[in-house]
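# Understanding the architecture of this molecule
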Amino acid sequence: METVIITGLVLFGVLLLSFFIRLSEGFIGFRKRKYPLRAAHIDFLKGSFPFYQSLNEKDQKRFQERLVRFLNRKRIRFQGKMANTEVIELLIGATAVSLSWGLDRYWYPSVKRIVVYPDSYFSKSNQKRHYGEFNPKLKTLVLSRKKLLEGFADGFDNKNLAYHELAHALVFSMLRGRSYESRRFTVGLRAIQLRFANPDFREKMRRTEYFRAYGESNIHEFFAVSVENYVETPGFFNKEFPKMYAILKTMLKHEFIELC
């Protein structure tokens, strides 16, 4: 009888410990699974993700490895019924990998959870409707499926929700690092802040209308908007704002290829 009771208590303790571990890490309600890349996934990258297409065979292998690592380390939850969820996961993961491609600290430690809504959603953090946001305290990235797909439908309008929100997450990841790479990133962000505060630079921003007006909200939004431009129209960016372009190139340690 005592053996049965002890065994029961041990099992209960194990289950309770498991529950609190899962709760503390925010795993409840989020899906995590081993994510092997299948042939269909690779075909999708080859046909639908230009950055992957631009890589040689060796770098494509490295891209696949980083993509698998990213998807296997993050908890993803889809709010509501959605079709083709694997496509969304691949797009988010591929975006993350391409943005941090030149970095050693490429795995976004600032992100633990990713939530995807069908369309706009009501954010409890500021009581407003959003299409996307990054919450550093909760280490959560939130995206609208509709806007995410729209961002990849047009690769030249400098509007890409996934790159925008992951740019925010990358900033928090790098600022908390202690490596030379993180310090260089921080120096770059300060250089961008100085340009952002410069009246002549701001006047050129407005005159050219190259950077979306939303980027004028604050330095963090300006950085995220600049990343969208850096990805989608690097040629024009480098021509019209060469110093700003050079700062981003130094921070990210790689460039994106113009699609046409």
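None of these values were measured; they are calculated from a predicted model.

This part is about the overall build of the chain. Assigned secondary structure in the chain consists of twelve helices and six strands. For the chain, the proportion of its 260 residues judged to be buried stands at 46%. Within the chain, contacts between residues at least 6 apart in sequence are counted, and of these 68% link residues at least 24 apart. When the accessible area of the chain is evaluated, it comes to approximately 14100 Å², of which 57% is carbon and sulfur surface.

On to the nonpolar core. Formed by 67 residues in total, the largest nonpolar core has its most connected members in Phe63 and Phe223. With nine residues, helix H7 (residues 161-175) is the single largest residue contributor to this core. For Phe223, the residues in contact, after removing those within four places along its chain, are Ala167, Val171, Phe185, Leu189, Ile192, Leu248 and Met251.

We now examine the side chain of Arg113. Mapping Arg113 onto the fold places it in strand S2 (residues 113-117). On the basis of relative accessible area, Arg113 is assigned to the buried category, the value being 13%. Among the polar contacts made by the side chain of Arg113, one reaches the side chain of Thr140 at a distance of 3.4 Å.

Along helix H12 (residues 242-252), the positions that sit buried rather than exposed are Met244, Tyr245, Ile247, Leu248, Met251 and Leu252. Along the long axis of H12, the arc covered by the buried residues comes to 160°, so they all point the same way. If you follow the buried residues of H12, they end up packed against helix H5 (85-99), H7, helix H8 (180-197), helix H9 (199-208), helix H10 (219-232) and helix H11 (234-240). Downstream of H12 by one or two residues, Lys253 has phi in the positive range, about 65°.

Moving on to the pairing of strand S6 (residues 140-144). Extensive coverage of S6 is indicated by the burial of five of its five residues. The alternating pattern of S6 places Thr140, Val142 and Ser144 and Leu141 and Leu143 on opposite faces, both of which are buried. Of the strand pairs in this sheet, S2 and S6 are connected by five bridges, and their pairing is parallel. Bridged to Tyr117 within S6 is Ser144. Turn length for the strand S5 (residues 132-135)-S6 hairpin, with the two strands adjacent in sequence and antiparallel, is four residues, and the turn residue Lys139 shows positive phi of about 50°.

As a packed pair, H5 and H7 sit with axes 10 Å apart at the nearest point and diverge in direction by 55°. If you check the angle between H5 and H7, you find them oblique. At the point where H5 passes H7, the crossing takes the right-handed sense. Across the interface between the two elements, Ile92, Thr95, Ala96, Ser98 and Leu99 of H5 pack against Ala162, Tyr163, Leu166, Ala167 and Leu170 of H7. Here the contact of H5 with H7 is composed, by residue class, of eight nonpolar, two polar and no charged.

A sheet is described by the order of its strands in space; here four strands give the open sequence S1-S2-S6-S5, paired in mixed fashion. Looking at which strands have only one partner, the edges of the open sheet turn out to be strand S1 (75-78) and S5. When the angles between neighbouring strand axes are averaged without regard to direction, this sheet yields 10°. As paired strands, S1 and S2 are joined by four bridges and run parallel to one another.

Turning to the packing of H7 against H8, a few remarks are in order. The N-to-C vectors of H7 and H8 enclose an angle of 125°; their axes lie 8 Å apart at closest approach. Viewed along their axes, H7 and H8 adopt a mutual orientation that is oblique. As H7 packs across H8, the resulting crossing turns out to be left-handed. Facing H7, whose interface residues are Leu170, Val171, Met174 and Leu175, H8 presents Glu181, Ser182, Phe185, Thr186 and Leu189. Class assignment of the residues belonging to the contact of H7 with H8 gives a composition of six nonpolar, two polar and one charged.

Here the focus is the environment of Val115. Of note, Val115 is situated in strand S2. The buried category is assigned to Val115, whose relative accessible area is 4%. A C-alpha to C-alpha distance of 9.5 Å links Val115 and Gly132, two positions 17 residues apart in sequence.

Examined against the element boundaries, His168 turns out to sit in helix H7. A polar contact is formed between the side chain of His168 and the side chain of His164, at a distance of 3.3 Å. Setting aside its immediate chain neighbours within four residues, His168 contacts Phe134, His220, Glu221 and Ala224.

Criteria and cut-off values
- Residues numbered from 1 in each chain as written.
- Predicted model: local features only at pLDDT ≥ 70, side-chain atom pairs only at ≥ 80, totals over all residues.
- Heavy atoms only, no water.
- Helix = DSSP H or I, 4+ residues; strand = E, 2+ residues; numbered from the N terminus.
- Buried < 20%, exposed > 50% of the residue type's maximum accessible area, 1.4 Å probe, protein only.
- Contact = heavy atoms within 4.5 Å.
- Areas by Shrake-Rupley, 256 points an atom, 1.4 Å probe, with all protein chains shown as cover.
- Core = buried A, V, L, I, M, F, W, Y, C linked by side-chain atoms within 4.5 Å.
- Polar contact = N/O pair within 3.5 Å; in protein donor to acceptor, adjacent residues only side chain to side chain.
- Arc of directions from axis to C-beta.
- Pairing = 2+ DSSP bridges.
- Axes fitted to C-alpha atoms, helices over the stretch in contact; angles between N-to-C directions.
- Parallel < 35°, antiparallel > 145°, perpendicular 65-115°, else oblique.
- Left-handed = near helix turned anticlockwise from the far one by under 90°.
- Nonpolar A, V, L, I, M, F, W, Y, C, P; charged D, E, K, R; others polar.

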